[in-house]
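# Report on the structure
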Amino acid sequence: MVNTDGQLYTIEGIAAGLIMLMTAYIVVNSTSVYTLGDTHISDMQLEVLGNDALNLMNTAPNSTTGKSPLQTIVETDDAETFRSMFLTMVNNRAGSDRDHIQFVANVTYVDTGGSVSSTVLSDSLRPFVSGEHAVRVSDWVIVEKRFPDDSSGKHAVLVEVLLWRD
Amino acid sequence: MAGLKDDAQWIVLMGFVVSFSLFFIAIVLNQSTVIGQTTAEAVLEFPKNDIRGVRDVIIQSEFLKVNNIRDVNNISNVQNDIRTLSLSRQNSVVNISSTQPTISNPYTTVDIHYNNGVMIYNEIWRSK
């Protein structure tokens, strides 16, 4: 015959065991401190935003076959227009306050010797000191210009933008 | 339950319930910081915009014209640039080939192959 003494002690023992197990689980888990920045969610949002802005700039007005604003900017090396256009788009928010996204834009091209180089197209007047948590977005443009000199012929260049929230 | 006072069992039981629910809440709180991480990483890792961009520019490049005739020189220049730049800046091998419209087949067909070692994208694009 099983003795029914001490049933509550048994239950208590099991419960205490479970609680200790779970405590151990939580303690082991908490050795790596995981902050929101590690989850790349804001990176993803920034990248999507930057790609959208670049795509928008690389679309000709009214879907005509004319040049897109980005094409014109790259061909004329117009840092000021790129800056104002890009910042207007990425820093736009509902309401009157603005976001604080900064950027550096480069044009990467294949030069006459066939090697790849980059030149700065524009930036947001804020130096990139490599401490920023930047993401990179890029878009292709076909320009009637050969970088770095101006000889004719059409060439594909890659506009690469590093952007970060300040 | 002989030898054991069985008063206040409800209080003891409630004590267990409360302590267990506290632990579950702690676990939920612990997990909440990583919500969306997998999704965000998957979105970042998949080269959607690279593929879109390279596809766009390849199709555009196929229709470069000079005096309404296919601009063969510039097309090969531009497509060589695309190959070189994708390889060096986007870590991807891009291969392009196209067939021009004939009388029996009045469409331009562009064969696009993209491979960055993780993702492979192949498309046979045909003008409508």
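Definitions and limits used
- Along each chain, residues carry numbers from 1 onward, in the same order as the chain's sequence is written.
- Starting at A for chains and at 1 for ligands, labels are handed out in the order in which the entities are written.
- Restriction of local features to residues with pLDDT of at least 70 applies here, the model being predicted, together with a cutoff of 80 or more for giving and counting side-chain atom pairs; totals for whole chains, interfaces and linings are based on all residues.
- Each side-chain value is derived from all of the structure's non-hydrogen atoms; neither hydrogens nor water enter the calculation.
- Exposed residues in this analysis have more than 50% of their type's maximum accessible area, buried residues have under 20%, and partly exposed residues fall in between, with area computed by a 1.4 Å probe over protein chains only.
- Numbering of helices and strands starts at the N terminus; helices are DSSP runs of H or I of at least 4 residues and strands are runs of E of at least 2.
- Working rule for contacts: check all heavy atoms of both residues, and any pair within 4.5 Å makes them a contact.
- Put simply, buried area is the surface a 1.4 Å probe can reach on two separate parts but cannot reach once they are joined, added for both.
- Put simply, a salt bridge is a Lys or Arg side-chain nitrogen that is within 4 Å of an Asp or Glu carboxyl oxygen.
- Asp, Glu, Lys and Arg are counted as charged, while Ala, Val, Leu, Ile, Met, Phe, Trp, Tyr, Cys and Pro are counted as nonpolar; the rest, among them Gly, fall into the polar class.
- The source of the domain bounds is an automatic or database domain assignment.

Our focus in this paragraph is helix α3 (residues 69-76) of chain A. Residue and element names in this part refer to chain A. Residues of α3 that are buried: Leu70, Gln71, Ile73, Val74 and Glu75. Against α2 (41-57), α4 (79-90), β1 (101-110), β2 (116-123), β3 (135-143) and β4 (155-165) lie the buried residues of α3. Positive phi appears at Asp77, one or two residues downstream of α3, with a value of about 55°.

A common way to report how large an interface is uses the accessible area buried once the components associate. With 41 residues of chain B at the interface, the matching set in chain A holds 45 residues. In total, about 3700 Å² of surface goes out of reach between chain B and chain A, with carbon and sulfur atoms giving 67% of it. There are 1 salt bridge connecting chain B and chain A. With a closest N to O distance of 3.1 Å, B:Arg89 and A:Glu160 form a salt bridge. Only α1 (9-32), α2 (37-45), α3 (48-62) and α4 (72-89) of chain B provide two or more residues apiece to the side of chain B that touches chain A. Here the element with the most residues in the side of chain B that touches chain A is α4(B); it accounts for 10 residues. By residue class, the composition of the side of chain B that touches chain A is 20 nonpolar, 16 polar and 5 charged.

For the rest of this paragraph, the subject is the domain arrangement of chain B. Assigned domains of chain B: these are domain 1 (9-41) and domain 2 (47-126). Placing a centre on the C-alpha atoms of domain 1 of chain B and another on those of domain 2 of chain B gives a separation of 53 Å.

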